[in-house]
Amino acid sequence: MSSLRLLLWSVTLAVWAIAASARDVIVRSGEHAGFTRVVVLFPQGTEWTVRQSGTEILLTARGEPLDFDLSNAFRRIPRARIADMTALPDRATLRLTTAMTTRVSSFGLSQGGAVLDISDATDPAPEPQNRDLPSSWWREDSAGNQPPRPTLPLPDSRVQQAEQDLLLQLGRSATQGVVRINPMAPARAAPEPVTPRSDILFGMDSLTVMDRDMGMLVRRMGPGGRTCAADEDYDPGSWLNDQPPVQQISAARRSLIGEFDRPDQNAVTGLARVYLALGMSTEARRTIEAFRDATTPVRKSDAAILAMADVLDDRPASASLTAMRGCPGRVAIWAFLASPEPAAATASDMDAVQRSFSALPQGLRDALGMRLIDRLLKAGARETAEAIRNTFRRSETPESDAARLAEARLELADKAPAAAADLLGPVAQGKDAEAARAVAMRIDSFIDRHRAVPEAETQRAADFVHLLGDGRDSYRMRRAQILGAASVGDFDTAFAVLDAWPAGTEDDLRHSAGQKAFDILSRVPDDNLFLSRLLPRVAQARETGLGLNQQIALSERLSTLGFGEAGASVLDPPAQRTPRGRVALARAALANGDPPTAIAALDGMDGSDVAVLRAEALAGLGEHAAAAEMFAAMNDTARAAQEAWRSGSPDAILRFGTEAQKTAIRRSLSRAPAPEEGTGLLSRANRQISDSQADRAAWETLLSQVPPP
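Residues numbered from 1 in each chain as written. Predicted model: local features only at pLDDT ≥ 70, side-chain atom pairs only at ≥ 80, totals over all residues. Heavy atoms only, no water.

### Here's the deal with the overall build of the protein
In step 1: Counting its regular elements, the protein contains 33 helices and 13 strands.
In step 2: Split into buried and exposed, the 709 residues of the protein put 40% on the buried side.
In step 3: For the protein, contacts bridging at least 24 residues in sequence account for 54% of all contacts bridging at least 6. (Helix = DSSP H or I, 4+ residues; strand = E, 2+ residues; numbered from the N terminus. Buried < 20%, exposed > 50% of the residue type's maximum accessible area, 1.4 Å probe, protein only. Contact = heavy atoms within 4.5 Å.)

### Some details on the packing of aromatic side chains
In step 1: In the structure shown here, the tally under the stated rule is 4 aromatic pairs.
In step 2: With a centroid separation of 6.1 Å and 25° between ring planes, the pair formed by F491 and F495 is classed as stacked. Of this pair, F491 and F495 both sit in helix α19 (residues 491-499), 4 residues apart, which is roughly one turn of the helix.
In step 3: Ring plane angle 45° and centroid distance 5.1 Å describe the contact between F495 and F518, whose orientation is recorded as tilted. (Phe/Tyr/Trp six-rings, centres within 6.5 Å; stacked < 30°, edge-to-face > 60°.)

### Focus: the state of the cysteines
In step 1: Applying the stated criterion to the full structure yields 1 disulfide.
In step 2: Shown here is the disulfide that connects C228 with C327, its sulfur atoms set 1.9 Å apart. Handedness here is read from the sign of the S-S torsion; for C228 and C327, about -85°, the answer is left-handed. In this pair, C228 sits in the loop between α3 (209-219) and α4 (245-254) while C327 sits in the loop between α8 (319-322) and α9 (332-338), placing the two residues 99 residues apart along the sequence. (Disulfide = S-S within 2.5 Å.)

### Concerning the packing of α19 against helix α20 (residues 507-522)
In step 1: Across the interface, α19 lies against α20 with an axial gap of 11 Å and an inter-helix angle of 160°. Judged on the interaxial angle alone, α20 and α19 are roughly antiparallel. Here α19 and α20 pass one another in a crossing that is left-handed. Contact residues: α19 offers F491, F495 and L498, while α20 offers R510, A513, G514, A517, F518, I520 and L521. (Axes fitted to C-alpha atoms, helices over the stretch in contact; angles between N-to-C directions. Parallel < 35°, antiparallel > 145°, perpendicular 65-115°, else oblique. Left-handed = near helix turned anticlockwise from the far one by under 90°.)

### A short note on the sheet that holds strand β8 (residues 102-108)
The strands making up a sheet are joined through hydrogen bonds of the backbone, oriented either antiparallel or parallel.
In step 1: Ordered by their spatial adjacency, 5 strands build an open sheet running β5-β1-β2-β9-β8, and the pairing between neighbours is mixed. Every other strand in the sheet has two partners, leaving β5 (67-69) and β8 as the edge strands with one partner each. Within the sheet, the average angular offset between the axes of one strand and its neighbour, ignoring direction, is 25°.
In step 2: Inspection of the sheet shows strand β2 (residues 35-41) paired to strand β9 (residues 114-120) by 6 bridges, in the antiparallel sense. (Pairing = 2+ DSSP bridges.)

### Notes on the nonpolar core
One recurring pattern in soluble globular proteins is that nonpolar side chains are buried together.
In step 1: Counting residues in hydrophobic clusters, the biggest one holds 106 residues, and the most contacted among them are Y234, L321, W334 and L372.
In step 2: Beyond its immediate stretch of four places on either side in the chain, Y234 contacts A229, W239, A304, A307, M308, L321, M324, R330, V331 and W334. (Core = buried A, V, L, I, M, F, W, Y, C linked by side-chain atoms within 4.5 Å.)

### Looking at the pairing of β2
In step 1: Most of β2 sits inside the fold, with 6 of its 7 residues counted as buried.
In step 2: Judged from the 7 bridges that link them, strand β1 (residues 24-32) and β2 form a sheet pairing that is antiparallel. Looking at β2, one finds that G30 is bridged to R37.
In step 3: As consecutive antiparallel partners, β1 and β2 are separated by 2 residues, and within that stretch G34 has a phi angle of approximately 90°, a positive value.

### Overview of the pairing of strand β7 (residues 93-98)
In step 1: Direction of pairing for strand β4 (residues 56-62) relative to β7: antiparallel, over a ladder of 5 bridges. Looking at β7, one finds that L58 is bridged to R95.
In step 2: Inspection of the sheet shows strand β6 (residues 82-87) paired to β7 by 5 bridges, in the antiparallel sense. Its bridge partner being in β7, I82 is matched across the sheet by T98.
In step 3: In sequence, β6 turns back onto β7 through a hairpin of 5 residues, with R91 there showing a positive phi of about 55°.

### Some remarks on the pattern of salt bridges
In step 1: Applying the stated rule across the entire model yields 24 salt bridges.
In step 2: A salt bridge links D233 to R273, with the nearest nitrogen and oxygen atoms 3.1 Å apart. Here R273 lies in helix α5 (residues 265-277) and D233 lies in the loop between α3 and α4, a separation of 40 residues in the sequence.
In step 3: With a closest N to O distance of 2.4 Å, E506 and R472 form a salt bridge. With a gap of 34 residues between them, E506 in the loop between α19 and α20 and R472 in helix α18 (residues 472-487) connect regions that are remote in the sequence. (Salt bridge = Lys/Arg side-chain N within 4 Å of Asp/Glu carboxyl O.)

### What to know about α5
For an α-helix, the turn length of 3.6 residues means that residues three or four places apart are oriented alike.
In step 1: Its 13 residues place the ends of α5 18 Å apart at the C-alpha level, agreeing with the 18 Å of an ideal helix rising 1.5 Å per residue.
In step 2: Counting buried positions over the 13 residues of α5 gives 10, a clear majority of the element.
In step 3: Among the residues making up α5, those that are buried are A267, V268, T269, L271, A272, R273, V274, Y275, L276 and A277.
In step 4: In the core, the buried residues of α5 are packed alongside α4, α6 (281-291), α7 (300-312) and α12 (362-378). (Expected span 1.5 Å × (residues − 1).)

### Notes on the sheet that holds strand β3 (residues 47-53)
In step 1: Read across the sheet, 4 strands follow the order β3-β4-β7-β6 without closing on themselves; strand pairing throughout is antiparallel. Both outer strands of the open sheet, β3 and β6, are each paired with one neighbouring strand and no more. With strand direction ignored, the average angle separating the axes of adjacent strands in the sheet is 15°.

### Thoughts on unusual backbone geometry
In step 1: A positive phi angle, close to 55°, is found at H450, a residue other than glycine.
In step 2: Assignment of secondary structure puts H450 in the loop between α16 (433-448) and α17 (455-467).
In step 3: For H450, a relative accessible area of 57% corresponds to the exposed category.
In step 4: The backbone of N635 sits at a positive phi, close to 65°, despite the residue not being glycine.
In step 5: Within the secondary structure, N635 is located in the loop between α29 (624-633) and α30 (637-647).
In step 6: Owing to a relative accessible area of 67%, N635 belongs among the exposed residues under this scheme.

### Description of the environment of A589
In step 1: Along the chain, the position of A589 falls in helix α26 (residues 579-591).
In step 2: A relative accessible area of 7% means that A589 is categorised as buried.
In step 3: If we ignore the near neighbours within four places in the chain, the residues touching A589 are D594, T597 and A598.

### What about helix α28 (residues 608-620)?
In step 1: With 13 residues, α28 should reach 18 Å at 1.5 Å per residue; the first-to-last C-alpha distance of 18 Å fits that figure.
In step 2: For α28, the set of buried residues is V610, A611, L613, A615, A617, L618 and A619.
In step 3: The elements touched by buried residues of α28 are α26, α27 (595-601), α29 and α30.
In step 4: Immediately downstream of α28, the backbone of G622 shows phi near 90°, a positive value.

### As for the side chain of D572
In step 1: Along the chain, D572 turns up in the loop between α24 (564-569) and α25 (573-576).
In step 2: Of the side chains bearing the opposite charge, R577 lies closest to the buried D572, which forms no salt bridge; the N-O distance is 7.3 Å.
In step 3: At a separation of 2.8 Å, a polar atom in the side chain of D572 contacts the main-chain amide nitrogen of A575.
In step 4: Aside from chain neighbours lying at most four places away, what touches D572 is R542 and Q551. (Lys, Arg positive; Asp, Glu negative; His and termini not counted. Polar contact = N/O pair within 3.5 Å; in protein donor to acceptor, adjacent residues only side chain to side chain.)

Printed below as a string of structure tokens:
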């Protein structure tokens with residue numbers, strides 16, 4: 001049976017490796033005679049301690065933060081002995097609250113984990129029953145020496161054949177999900193003649209085929225209890241054959257009309273599926289709509305075709321499709337692309353997305369590949385995006401347009417726009433949809449490098465606007481045209497195209513184009529060009545949905561140039577409530593001659609920038625002495641001296657003024673001493689002349705430090 005043991009041991013190691021790599025810490029429990037057992041599966045190597053105080057038991061782990069999964073903690077036990085289990089906010093401690101005075105004993109699992117046995121205080125402590133998996137098949141004794149392996153005679157050929165048959169049956173059952181290794185199942189002592197300490201056999205669970213199929217049905221349930229769609233409804237790869245597309249369409253059309261000139265609904269579905277699998281989403285949609293019986297609900301298979309057509313056309317999809325984004329079947333890629341991006345990032349099965357993409361016909365892979373890579377990168381699924389890129393490498397030649405587009409998209413994600421532009425150059429010379437994507441991506445690569453887009457690239461984008469009609473791809477090219485024109489300072493053309501964009505049409509692209517255009521404008525070095533193009537469009541800039549950084553950049557530049565009111569207007573209410581927004585609002589208020597608003601905006605804030613603005617606001621209110629003191633505290637002696645002099649306060653000047661200012665004030669405040677006895681008129685006159693010359697020299701020194709107007 002050594003082969004069986006090796007198989008079981010290998011499977012068990014795999015199970016434990018998966019468990020150790022999980023982030024969540026699973027908590028399981030079971031009720032036994034006289035005690036309740038709680039098993040906490042910590043990652044391997046985790047150190048932990050147990051403390052008990054009254055009816056509270058604290059299990060604390062040391063190391064990385066942990067999330068205790070308590071969803072099934074009370075599945076198999078009542079709340080008679082353990083009343084509650086709670087994960088404390090420190091993400092390291094599990095608190096068990098008991099309903100009575102109890103005794104707790106604990107032991108660890110060598111593969112990671114803690115076992116707590118909670119018994120009534122009046123009962124004897126339960127004998128720890130170690131259900132640990134051995135670090136090797138043979139347990140080590142206390143001295144660290146392994147007991148000798150029992151020597152068994154080699155069985156005859158019939159026993160060996162029976163063993164092989166058993167292994168084959170176990171392997172088939174394991175692949176079907178009927179038999180699995182269960183590390184937490186009760187262990188059974190090995191039969192004789194093996195010595196008592198030789199080993200413990202692993203627990204094994206089994207189930208019937210009907211139970212297995214019911215479990216598979218449960219696994220096909222999507223988020224919120226929705227049933228996942230059958231693969232046949234979302235598997236375009238199975239709807240085509242090896243014949244040319246024209247022959248496949250002709251064959252599907254021939255059986256479209258049945259007896260009494262009534263459409264055969266199965267044939268209608270078949271034709272629509274052929275159209276969709278060939279990437280002809282409009283024809284698929286119109287086929288279903290033209291032959292649909294308006295008196296009956298849309299068939300499930302036809303609804304799937306319409307949903308996929310919406311995804312191909314980049315239209316909003318039905319809620320029933322987006323609800324299946326966690327499903328593992330062929331629907332995975334369609335639900336992922338149809339879902340709003342934040343939800344798609346957290347609730348999709350990325351492995352299923354990759355598998356369903358690989359099962360698509362080549363034409364649909366080309367049509368959806370770039371959009372899928374974009375979405376995956378935004379969702380943070382870089383490895384899956386690279387796997388999609390590798391699919392293109394395997395199914396296309398390295399120089400194909402699809403392969404170049406996929407490679408270039410990853411280069412852009414890696415902040416390598418120059419390499420992306422080189423890859424896209426040959427593709428952009430065509431006149432198909434892939435060429436349009438290449439032109440748009442090349443323009444993005446120039447914008448990412450803060451470089452001017454060549455005029456020829458911008459013109460090609462404008463040509464594609466008319467060539468592609470009125471679909472989403474056409475508006476992508478409008479966005480590219482706007483960015484190309486703005487990059488060379490032609491904001492008149494850029495904003496003219498933006499103004500002509502129909503409201504409510506592809507608003508996400510329109511907002512993206514506007515945000516990029518205003519971002520480029522904020523970087524223009526020519527102040528006259530900046531002001532002449534921005535001031536008439538301050539309200540439009542705010543309505544475009546600029547990011548916080550863009551709003552701050554525009555506001556600060558406007559305020560610096562003296563347009564405080566415009567600088568405040570460009571900040572939307574959410575931005576004004578952020579710390580950086582409040583600082584920008586205060587700067588705009590000062591530029592607009594409104595120190596009280598600036599002080600109110602800075603209330604309760606700290607920082608060097610805040611201190612400077614607060615001092616400037618005090619100066620604007622005429623509190624020059626207080627402003628001088630604040631500037632001095634910031635070691636800005638020049639501005640401290642300036643505000644001290646403006647205050648007209650001798651005390652402030654003597655504290656914060658320059659040496660020349662202090663000298664002039666001291667001479668102004670000094671009184672001529674009383675004439676000494678015996679001094680004549682001539683001596684007193686000479687002294688007065690000397691004092692006058694010193695006063696003149698002090699004031700000349702002071703005036704020489706005042707910059708010319």
